[in-house]
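# Coordinate analysis (summary)
In case you want the letters, here they are:
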Amino acid sequence: MLRIVILAAGKGARMNSELPKVLVDLKSRPMIKYLLDSVVNSGLDQRPLVVVSPDNQKIISATLSDYNLEYIIQDKQLGTGHAVACARAVLAQKKEAPENIIVLYGDHPFLKSESIKNLAKSDPETVTIMPATLPDFSGWFHNFYHWGRILRNPAGAVAEIREFKDASDEEKLISEVNSGFMCFNKEWLFKNIDRLTDHNQQKEYYLTDMIKIAVDEQQKIKTASIGPVEAMGINSLEELQIAENILNQDYN
């Protein structure tokens with residue numbers, strides 16, 4: 001059994017919108033609906049969980065009333081790791097506890113259902129990530145420049161995900177970036193998620209730090225790569241325009 005957790009607690013400040021970010025329109029449609037359609041079409045979870053804030057839960061649930069969703073409140077915005085930890089108590093109450101948990105982001109509208117199914121098929125002992133490799137950071141690919149980088153060891157295995165604000169100049173040259181999509185073994189995730197710390201510039205609990213925990217345990221990190229378009233998130237008006245161009249097939 002597998003459950004899907006969608007993070008959607010962010011505000012729309014950088015989008016010049018009073019709406020929660022995931023409800024900002026992309027071609028006259030809230031951007032999260034594109035992702036939800038892919039989740040529904042994957043057939044993996046009949047009632048996905050959506051992590052929201054106390055301030056946006058009402059408007060998000062009203063906007064998404066056509067979908068069968070379960071909402072989890074993240075009372076404080078303490079990072080992606082904290083957001084997923086908020087789901088632990090809810091999932092522990094289920095009669096049929098899931099074996100795996102997929103984490104997605106509500107501001108990434110282009111992820112396809114087939115890619116979600118491929119992520120689920122990885123059936124990790126710890127975690128599978130979905131990186132994207134860029135040709136470079138020119139043109140519209142510059143939107144990925146501030147993303148976390150995939151660090152690999154000399155043998156080519158994933159060693160860590162370094163958030164951009166914590167990356168060295170050399171690490172910023174790496175063109176393999178982290179989309180943020182992950183599939184976790186549920187038991188391993190919730191056994192270890194309390195080991196996350198906020199010892200970083202943002203003072204947040206990064207879900208990506210679970211990768212280092214797995215590596216320190218000498219666990220293998222699986223990957224299921226996707227292309228840049230599927231990986232793309234929307235965090236600014238510029239990126240919203242690029243996303244509209246993608247829908248208009250100006251990008252591939």
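We now turn to the structure provided with this report.

### As for the environment of Asn185
Residue position: Asn185 is located in strand β8 (residues 176-185). Separated by 47 residues in the primary sequence, Asn185 and Met232 place their C-alpha atoms 25 Å from one another. Each residue touching Asn185, except ones within four places of it in the same chain, is listed here: Glu99, Asn100, Pro124, Glu125 and Thr126.

### Observations concerning helix α1 (residues 31-42)
When you tally the buried positions in α1, you get nine out of twelve residues, the bulk of the element. Residues of α1 that are buried: Met31, Ile32, Lys33, Tyr34, Leu35, Leu36, Ser38, Val39 and Ser42. Summarising the contacts, the buried residues of α1 are in contact with β1 (2-7), α2 (57-63), β4 (100-105), α5 (113-121) and α9 (237-247). Downstream of α1 by one or two residues, Gly43 has phi in the positive range, about 70 degrees.

### A closer look at the nonpolar core
The nonpolar side chains of a soluble globular protein tend to be buried with one another. With 80 residues, the main nonpolar core has Ile6, Ile102, Leu104, Ile129, Phe144, Phe184 and Met210 as its most contacted residues. Among the elements that take part in this core, α1 stands out by supplying six residues, more than any other. Beyond its immediate sequence surroundings of up to four residues, Phe144 is in contact with Leu134, Phe137, Arg149, Val177, Pro228, Ala231 and Met232.

About the thresholds
Residues numbered from 1 in each chain as written. Predicted model: local features only at pLDDT ≥ 70, side-chain atom pairs only at ≥ 80, totals over all residues. Heavy atoms only, no water. Helix = DSSP H or I, 4+ residues; strand = E, 2+ residues; numbered from the N terminus. Contact = heavy atoms within 4.5 Å. Buried < 20%, exposed > 50% of the residue type's maximum accessible area, 1.4 Å probe, protein only. Core = buried A, V, L, I, M, F, W, Y, C linked by side-chain atoms within 4.5 Å.

Honestly, that's just the spatial picture; any functional story needs more than this.
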